[in-house]
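# Observations on chain architecture
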Amino acid sequence: MIDKVLEYIKKYHMIEKGDCVVAGVSGGADSICLLLMLLELSKQIPIKLRVVHVNHQIRTDAAADAEYVRKVCLTEGLPFTLVEQDVEAFAKQRHISTEEAGRIVRYNAFAQELGQNKGKIAVAHNKNDCCETFLFHLFRGTSIKGLKGIPPVRGKIIRPLLCLTRSEIELFLQERNTPYCIDSTNLVDNYSRNIIRHHILDTAMKKINSAATEHIYDACGRISDAYELIVDLTRQAFIACVKQREGAFYIDRENFLQLHRTIQGYLIMEVLAQASGSKRDLGAVHVGQVQKLMNSQCGKVITLPHQLRAERTYTGIILYKSCMDNAIRKTALGASLPEIVLSATDENALRAGEELVFSVGIQQTIHLRTISVGENGIDFENIPQNKYTKWIDYGKIKNSIVIRTRRPGDYLTVNSMNQHKTLKSYFIDRKIPQKERDQICLLVDGRHVVWIVGERISNYYKVSKNTKTVLCIIFEDS
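First, a word on what this report is: a plain description of the structure on this page. (Residues numbered from 1 in each chain as written. Predicted model: local features only at pLDDT ≥ 70, side-chain atom pairs only at ≥ 80, totals over all residues. Heavy atoms only, no water.)

Next up on the list: the overall build of the protein chain. The secondary structure content of the protein chain amounts to 15 helices and 20 strands. When each of the 478 residues of the protein chain is scored for burial, the buried share is 47%. Within the protein chain, contacts between residues separated by at least 24 positions form 67% of all contacts whose residues are at least 6 apart in sequence. Of the roughly 24400 Å² of accessible surface on the protein chain, 49% is carried by carbon and sulfur atoms. (Helix = DSSP H or I, 4+ residues; strand = E, 2+ residues; numbered from the N terminus. Buried < 20%, exposed > 50% of the residue type's maximum accessible area, 1.4 Å probe, protein only. Contact = heavy atoms within 4.5 Å. Areas by Shrake-Rupley, 256 points an atom, 1.4 Å probe, with all protein chains shown as cover.)

Printed below as a string of structure tokens:
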């Protein structure tokens, strides 16, 4: 048993030579076993072992536990620190559960004892605790991360007994004739974890499979490995899909839609967390709202926690704080579009093969280039079908192409007979909300709309068998 624990410590590089190791010892079977294991380790690796006992002042007999731990430390010549705090009062003050309050008090005490010393904080969680945590999170509702169970190492916190079951620990102490304290609060069903321990996990082991604990623990390990893969894929997706400027985050739709749906969700959560500065109050419902927004009309806006707003743009989604400086926000959203003049007939005309690139706001660009049509005419099967890449008949430009937002009198042609429809009527037919219409990018020739970016092009400007020069227009993230 000792060798098993020592190998587990080495496997996860829990303790190094010269470390100060602060052991949380309650006096129960798990913590006494932990203390004995660390004493065995100290015979092989030079460490400075210190013991902290926390009295939560919940039980009237708690002082006896503290005295027992103090005597063990005195026998072994170990530094002993007793911390006493009214956990129930602390819980009421913080408006949290007694269990959560106890955890905070304990880890604060351990961290204070370690101080600035190089070392680790050792706690006595075992396999059963890992399984109980898994079931607790599963029943309450959680993401994959919550199903990882308890990690062997988290920062400076180490769990050397996580390779043992509770029955193994009790057998080990029994064989060594080592006494331990019994916490009466662990015997009643006042806490959720006790119910899981006494009724659910215990029944599963007795009635379904005696190895249930081992199987759940192994599953936690596999889930943990899968989660690490998801984290890595999410990191790669963030690099490929997300850009950050002026306090706003942009998610590129084309790259986003190529991701697996699971990675999409984790990516959105990561963007929300970075944009807001915290994951608190953010959940699956908000991730779902942003995913739904990705397939909504350009200009649609949703509100999220932490004063976040998510807005559908021409090429994806922008997330920003509603308190963002208005001038920066307008630039970020491309509300002030530059009027770029491009003629087909004068000195502003593009020469064959020439390409121009213009910035639209601070995030998007428009590429314009001409393509000469050969003797065989246009290959209509190869005309791009991408929403943000369009071909138009360059020779049909009467005035100049201008990139701007809507103005009164704008119109487009809607069929091969060149029948007109006002842009306002088009927006009404498409049920595009009024507040979103002023943010939609247009390419216009006078008042004639050539292309509603992300939507359709005017029939008049479509390429035909008579087209001599094609103007290729690409709208993309910069």
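The next thing to look at is the sheet that holds strand β7 (residues 242-245). Ordered in space as β7-β8-β11-β10-β9, the 5 strands form an open sheet in which the pairing is antiparallel. Bordering the open sheet on either side are β7 and β9 (301-304), each of which pairs with just one other strand. The mean angle between the axes of side-by-side strands here comes to 20 degrees, regardless of whether they run parallel or antiparallel. Here 4 bridges tie β7 to strand β8 (residues 248-252), and the two strands are oriented antiparallel to one another. Across the sheet, Gln244 pairs through a bridge with Phe249, a residue of β8. This element, helix α12 (residues 284-293), spans β9, β10 (308-312) and β11 (316-321) of the sheet and lies at about 170 degrees to β9. (Pairing = 2+ DSSP bridges. Axes fitted to C-alpha atoms, helices over the stretch in contact; angles between N-to-C directions.)

The next point concerns the packing of aromatic side chains. Describing an aromatic ring pair means giving the distance of the ring centres and the angle of the ring planes. Overall, the coordinates contain 6 aromatic pairs when judged by the stated rule. When the ring of Tyr426 is compared with that of Phe427, the centres are 6.2 Å apart and the planes differ by 55 degrees; the resulting orientation is tilted. Ring centres 4.9 Å apart and planes at 90 degrees place the aromatic pair Tyr460 and Tyr461 in the edge-to-face group. Between the NZ or CZ atom of Lys396 and the centre of the ring of Tyr460, over which it lies, the distance is 5.2 Å. (Phe/Tyr/Trp six-rings, centres within 6.5 Å; stacked < 30°, edge-to-face > 60°. Lys NZ or Arg CZ within 6 Å of the ring centre and 35° of its normal.)

Turning our eyes to something else, we now look at the sheet that holds strand β2 (residues 48-55). Strand order across the open sheet formed by 6 strands is β3-β2-β1-β4-β6-β5, with mixed pairing between neighbours. In the strand order of this sheet, the two ends are held by β3 (80-84) and β5 (153-154), each with one partner. On the sheet, helix α3 (residues 62-76) packs against β2 and β3 and is oriented at approximately 170 degrees with respect to β2.

A separate point is α3. Helix length check: α3, at 15 residues, gives a terminal C-alpha distance of 22 Å against a target of 21 Å (1.5 Å per residue), a fit within 8%. Buried within α3 are the following residues: Ala62, Asp65, Ala66, Val69, Val72 and Cys73. Down the axis of α3, the buried set is contained in an arc of 120 degrees. They therefore lie on one face. More than 90 degrees from the buried face of α3, the exposed residues found are Leu74 and Thr75. Tucked inside the fold, the buried residues of α3 contact α2 (29-42), β2 and β3. (Expected span 1.5 Å × (residues − 1). Arc of directions from axis to C-beta.)

Moving on, we get to the packing of helix α11 (residues 261-276) against α12. Orientation of α11 relative to α12, taken along the N-to-C sense of each, is 105 degrees, at an axis distance of 9 Å. One way to sum up the angle between α11 and α12 is to call them roughly perpendicular. In this structure, α11 contributes Arg261, Gln264, Gly265, Ile268, Met269 and Leu272 to the contact, and α12 contributes His286, Val287, Val290 and Gln291. Residues of the contact of α11 with α12, tallied by class, amount to 5 nonpolar, 4 polar and 1 charged. (Parallel < 35°, antiparallel > 145°, perpendicular 65-115°, else oblique. Nonpolar A, V, L, I, M, F, W, Y, C, P; charged D, E, K, R; others polar.)

Attention now goes to the pattern of salt bridges. On inspection of all chains with the given rule, the structure shows 20 salt bridges. One salt bridge connects Lys4 with Glu168, and the closest N-O pair in it is separated by 3.2 Å. Placement of Lys4 in helix α1 (residues 2-11) and of Glu168 in helix α7 (residues 166-175) is noted, with a sequence separation of 164 residues between them. Lys4 gets classed as partly exposed once you look at its relative accessible area, which sits at 37%. Since its relative accessible area comes to 21%, Glu168 is described here as partly exposed. Here Arg166 makes a salt bridge to Glu132, at a shortest N to O gap of 3.3 Å. Of the two residues, Arg166 is situated in helix α7 and Glu132 in helix α6 (residues 127-140); the sequence distance between them amounts to 34 residues. (Salt bridge = Lys/Arg side-chain N within 4 Å of Asp/Glu carboxyl O.)

Another aspect to go through is α1. Along α1, the positions that sit buried rather than exposed are Val5, Leu6, Tyr8 and Ile9. Down the axis of α1, the smallest arc covering the buried residues is 155 degrees, so these residues share one side. Of the residues in α1, the exposed ones pointing more than 90 degrees away from the buried face are Asp3 and Lys11. Along its buried surface, α1 packs onto α2 and α9 (212-241). Backbone geometry just downstream of α1 places His13 in the positive-phi region, at approximately 50 degrees.

A cluster of nonpolar side chains, namely Leu138, Phe139, Ile195 and Ile200, defines an oily patch on the protein surface of about 340 Å² accessible area. Elements represented by at least two residues in the nonpolar patch include exactly α6 and α8 (192-208). (Patch = residues over 30% accessible without salt bridge, like charges linked within 9 Å, V, L, I, M, F, W, Y side chains within 5 Å.)

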